[in-house]
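What the coordinates show
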Amino acid sequence: MEYIQVTKENLEKEHICCAISSNKDIQVCSKKGWLAERLKEGLVFYKSTERGKCFIEYLPAEAAWVPICAGNYMYIDCLWVSGSFKGHGYANDLLNHCIEDSRAKGKVGLCILSSAKKRGFLADPKFLAAKGFTVADESDNGIQLCYLPFSNAANKPAFKPCAMHPHVDGEGYVLYYTNQCPFTAKYVPVIEKVAKEQGVLFRSIHIETREQAQNAPSPVTTYALFYHGVYQTNEILSDKKFLKLLEAHRTK
């Protein structure tokens, strides 16, 4: 397998793995716009040269769009290998590249979001454990901050207080999201439309700055849905899944 790093010079021509469409597609436009700014802040997007979901995205934890305290760590936004790429050791290749690069840049370790049981859009806990990651912190909603220190002297990273007890004020549905994941550009408008058609109270909050993300009321900032203040999910919902959730709440 050959790999390539996305840079400001090749960003326009390279596919971004999680959304393989033309640059005119709303998902691609959203993600590439977000990436263009993050590349200036040290983000690395390292991927297969073949078209498909096989990539790792990481950046200095101080610049990460998550509410964590992880001084001099590298934070992994996403490590995704799927479809025909699975089972060939490519995830190991990508993680090893991140480790080597992070060591070379003087980082003290890596951190990434996961959970005790596998959840969509979060790192696989079994894979992380096999690679030596352990749990540094855990929020009330079961989101874990896992870490791989490069030495025993490295401080343990932690969630900020705002992320430890995910909760928001207000009635109805409240959705926090960013453009880090391209799927939000497609599916947030979809469920906004469904909520309007169903006559339910719905408010979406687009996190547009790192400062907002680092002070968000949830460990996951790419997509965090609340209902009557209570955290519901980080899974990016389709119209069908959102309708199923609405039905579940109506029957309670």
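Residues numbered from 1 in each chain as written. Predicted model: local features only at pLDDT ≥ 70, side-chain atom pairs only at ≥ 80, totals over all residues. Heavy atoms only, no water.

**Overview of the pairing of strand β6 (residues 109-115)**
Quick note on the threshold: Here the term buried applies to any residue with accessible area under 20% of the maximum for its type, exposed to any over 50%, and partly exposed to those in between, with areas from a 1.4 Å probe on protein chains only. By definition, any uninterrupted DSSP run of H or I lasting at least four residues is a helix, any uninterrupted run of E lasting at least two residues is a strand, and each is numbered from the N terminus. When DSSP locates at least two bridges between a pair of strands, those strands are taken to pair. Seen with its strands pointing away from the viewer, a crossover is right-handed when the path leading from the first strand over the helix to the second is clockwise.
Burial analysis of β6 places 7 of its 7 residues in the buried class, which makes it a mostly covered element. Burial of β6 is two-sided: the residues Gly-109, Cys-111, Leu-113 and Ser-115 facing one way and the residues Leu-110, Ile-112 and Ser-114 facing the other way are all buried. Summarising the sheet, strand β5 (residues 73-81) and β6 pair through 3 bridges and their orientation is parallel. In the strand pairing of β6, Tyr-73 is matched with Gly-109. Following the chain from β5 across helix α2 (residues 90-104) to the adjacent parallel β6, one finds a crossover that is right-handed. Here 7 bridges tie β6 to strand β8 (residues 143-149), and the two strands are oriented antiparallel to one another. Looking at the pairing, Leu-110 lines up with Leu-148 of β8.

**A word on the nonpolar core**
Heads up, the rule is: Within this scheme, the nonpolar core is defined by two criteria: the residues are buried Ala, Val, Leu, Ile, Met, Phe, Trp, Tyr or Cys, and they are joined through side-chain atoms within 4.5 Å. Contacts are assigned to residue pairs that have any heavy atoms within 4.5 Å of one another.
Counting residues in hydrophobic clusters, the biggest one holds 41 residues, and the most contacted among them are Ile-68, Tyr-75, Cys-111, Leu-113 and Phe-159. Every element with two or more residues in this core is listed here: α1 (26-39), β3 (54-60), β5, β6, β8, α4 (161-164), β10 (173-177) and β12 (223-227). Leaving out residues up to four positions away in the same chain, Phe-159 has contacts with Pro-67, Ile-68, Leu-113, Asp-137, Glu-138, Ser-139, Ile-143, Gln-144, Leu-145, Met-164 and Pro-219. If you look at the next biggest cluster of nonpolar residues, it comprises 24 residues, including Tyr-46, Met-74, Ile-76 and Ala-123.

**Describing the layout of surface pockets**
How we decide: Whether a set of points on the 1 Å grid over the protein atoms alone is a cavity depends on a 1.4 Å probe fitting there but being unable to get out, while an open set qualifies as a pocket with protein on both sides within 12 Å along at least five of seven lines; lining residues are those with an atom within 4 Å of a point. Grid points are joined across faces, edges and corners, and a volume is the space filled by probe spheres set on the points. Here the term charged refers only to Asp, Glu, Lys and Arg, the term nonpolar to Ala, Val, Leu, Ile, Met, Phe, Trp, Tyr, Cys and Pro, and the term polar to all other amino acids, Gly among them.
The calculated volume of the largest pocket comes to roughly 880 Å³. If you trace the largest pocket, you find 39 residues lining it, with Cys-78, Leu-79, Trp-80, Leu-122 and Ala-123 closest to the centre. Broken down by element, the lining of the largest pocket gets its largest block of residues, 7 residues, from β5. For the lining of the largest pocket, a count of residues per class yields 24 nonpolar, 9 polar and 6 charged.

**Quick notes on α2**
Rules: One less than the residue count of a helix, multiplied by 1.5 Å, gives the span that helix is expected to have.
With 15 residues, α2 should cover 21 Å at 1.5 Å per step; its first-to-last C-alpha distance of 21 Å lies within 8% of that length. The set of residues buried in α2 consists of Tyr-90, Ala-91, Leu-94, Leu-95, His-97, Cys-98, Ile-99, Asp-101 and Ser-102. Directly after α2, the chain includes Gly-106, whose backbone phi takes a positive value near 80 degrees.

**Notes on the pairing of β8**
Within a regular strand, the side chains alternate between the two sheet faces. Burial runs high along β8: 6 of the 7 residues are buried. Two elements, strand β7 (residues 134-138) and β8, share 4 bridges in a ladder whose sense is antiparallel. Pairing of Asp-137 across the sheet is with Leu-145, part of β8. As consecutive antiparallel partners, β7 and β8 are separated by 4 residues, and within that stretch Gly-142 has a phi angle of approximately 85 degrees, a positive value.

**Topic: unusual backbone geometry**
Outside of glycine, negative phi angles account for most residues, and trans bonds account for most peptide bonds. You will see that Phe-121, though not glycine, has its phi angle at about 70 degrees, which is positive. When you line up the elements, Phe-121 lands in the loop between β6 and α3 (125-130). A relative accessible area of 43% places Phe-121 in the partly exposed class. Of note in this structure, His-228 is not a glycine but carries a positive phi near 50 degrees. Within the fold, His-228 resides in the loop between β12 and β13 (230-233). Exposure remark for His-228: the relative accessible area of 36% places this residue in the partly exposed category.

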